Amino acid sequence: PDLPAWQAPAESTLREEARVRLRTVRLRIEAKEQEDLATCRALGLDDLKVVLRGEPVEAGRLIELDRERGPALHVLLLDTSRSIEDWLDYVRDAAATYVELLDPELDRAMLATFDDSVLLVEPPTADRGRLQEAIRGVRMGSWTSMVDGLYYLMRELEARPERPVVILLTDGVDSASFHDRAEVNRIVDGRPDLISFTIGLDMPFFSRGLPPGVASSKRFMQRFAGRTNGQWLEHPTGFRLQRAFEDIRAMLEAEAVLTFVDPDPDAEPGKIKVSSQNRACKVVTYAEAATVEPEERHRPIEPPWHEPPFALPVEPDPKYRIEYIPSRDKGIDPLC
């Protein structure tokens, strides 16, 4: 029925607006002791403490802890230089076991190797039989071009939609790369979902007196893993390589994504810290993607040819020396 004018509701000019900013952070929940593994894998939102911009986030603002894995592309980048000869069988066995345990519904894998050149041995595939056959067929080469291997691998991954999981294994210093580490880092900064694990096998470590690109392969691998939220794993021999690949699988299975409501959506994003209230577990919070300026992203990739050549002021380990044999090395300049 029609109401008298004095009873009719008046149109309000008030408007209510609510702004909400959801934050997500990838993290890894690990057990400090092996016997606590099941407990830590069952950790829930109530067991986590979140600090944003130095202030605790109320438990009621925590929304979800997602442990479901998405599609991933596992990339094996293996050193096949001459110095790997003593460990090559161990490398093949460990890598073959790793791909055998991948989930064919979620995971694909690819195999690349580097010696004095970089070779894509097996493109991305979910066929574990093909991958294992490719791994068994890996053969030894000569020099080591690790940075070139990473550079071309990063370029290859730019067109791949799955989350990249890079496993880099090497036993020596970089002796043959044309590209430099800064080029690799610039590409990595544009792929925030990438995670890498670097495995050093009986690696020498020169701390002083050598050019940065040659002297600090070990340090670079440590920093590269940290830059991509992964981990550096070192083994003095090839006997424990199987354990290294098992550790990588365990770390990937311990990953989760936490979603929560930012209490101040207008503030600067700030740094997120997550810890476990259960002392048996620890939480590794992944760093958020670094900001890459446009001019940095498109810098030229030519190597710095203007830099003068250098000589090694120390005597290299004999296993990193290669004898020039004319009958075998017909395509190599003996003065090189």
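For the structure, check the block above.
So, a few notes on the structure that sits alongside this text. Source: prediction; values computed, not measured.

Reading the values: the criteria
- Residues numbered from 1 in each chain as written.
- Predicted model: local features only at pLDDT ≥ 70, side-chain atom pairs only at ≥ 80, totals over all residues.
- Heavy atoms only, no water.
- 1 Å grid on protein atoms, 1.4 Å probe; cavity = no way out; pocket = protein on both sides within 12 Å on 5 of 7 lines; lining within 4 Å.
- Points joined across faces, edges and corners; volume = space filled by probe spheres on them.
- Helix = DSSP H or I, 4+ residues; strand = E, 2+ residues; numbered from the N terminus.
- Nonpolar A, V, L, I, M, F, W, Y, C, P; charged D, E, K, R; others polar.
- Disulfide = S-S within 2.5 Å.
- Buried < 20%, exposed > 50% of the residue type's maximum accessible area, 1.4 Å probe, protein only.
- Phe/Tyr/Trp six-rings, centres within 6.5 Å; stacked < 30°, edge-to-face > 60°.
- Pairing = 2+ DSSP bridges.
- Axes fitted to C-alpha atoms, helices over the stretch in contact; angles between N-to-C directions.
- Contact = heavy atoms within 4.5 Å.

### Details of empty space enclosed by the protein
Per the counting criterion, the structure on display carries one cavity of 30 Å³ or more. Taken as a whole, the largest cavity spans an internal volume of roughly 30 Å³. At the level of elements, strand S6 (107-114) and helix H3 (128-136) are the ones that each hand at least two residues to the lining of the largest cavity. Top element by residues in the lining of the largest cavity is S6. It accounts for three residues. Grouping the constituent residues of the lining of the largest cavity by class yields five nonpolar, one polar and four charged.

### Brief notes about the state of the cysteines
All told, the structure shown has one disulfide when counted by the stated rule. At a sulfur-sulfur separation of 2.0 Å, the disulfide partner of Cys40 is Cys281. Across the S-S bond of Cys40 and Cys281 the torsion is about -95°, and the bridge reads as left-handed. Taken together, the residues Cys40 in helix H1 (residues 37-41) and Cys281 in strand S13 (residues 281-285) connect sequence positions 241 residues apart. Just as Cys40 is buried, Cys281 falls in that class too.

### Here's the deal with the packing of aromatic side chains
Applying the stated criterion across every chain yields a total of four aromatic pairs. Where Tyr151 meets Tyr152, the ring centres are 5.3 Å apart and the plane angle is 80°; that geometry is what we call edge-to-face. With a relative accessible area of 3%, Tyr151 lands in the buried category. Ring centres of Phe220 and Phe224 lie 5.8 Å apart, and the angle between their planes is 40°; on these two criteria the pair is classed as tilted.

### Looking at the sheet that holds S6
In spatial order, the strands read S7-S6-S5-S8-S9-S10; together these six strands make up an open sheet with mixed pairing. Every interior strand has two partners, whereas the edge strands, strand S7 (118-125) and strand S10 (231-235), have only one. Shown here is a sheet whose adjacent strand axes are inclined to one another by a mean of 15°, direction ignored. Sheet topology places strand S5 (residues 72-79) next to strand S8 (residues 163-170); seven bridges connect them, and they run parallel. Pairing of Leu76 across the sheet is with Ile167, part of S8. Sitting on the sheet, helix H4 (residues 146-157) is in contact with S5, S6, S7 and S8, with an inclination near 165° to S8. Strand contacts of helix H7 (residues 217-227): S8, strand S9 (195-201) and S10, with the helix running at about 155° to S9, the strand carrying the most contacts.

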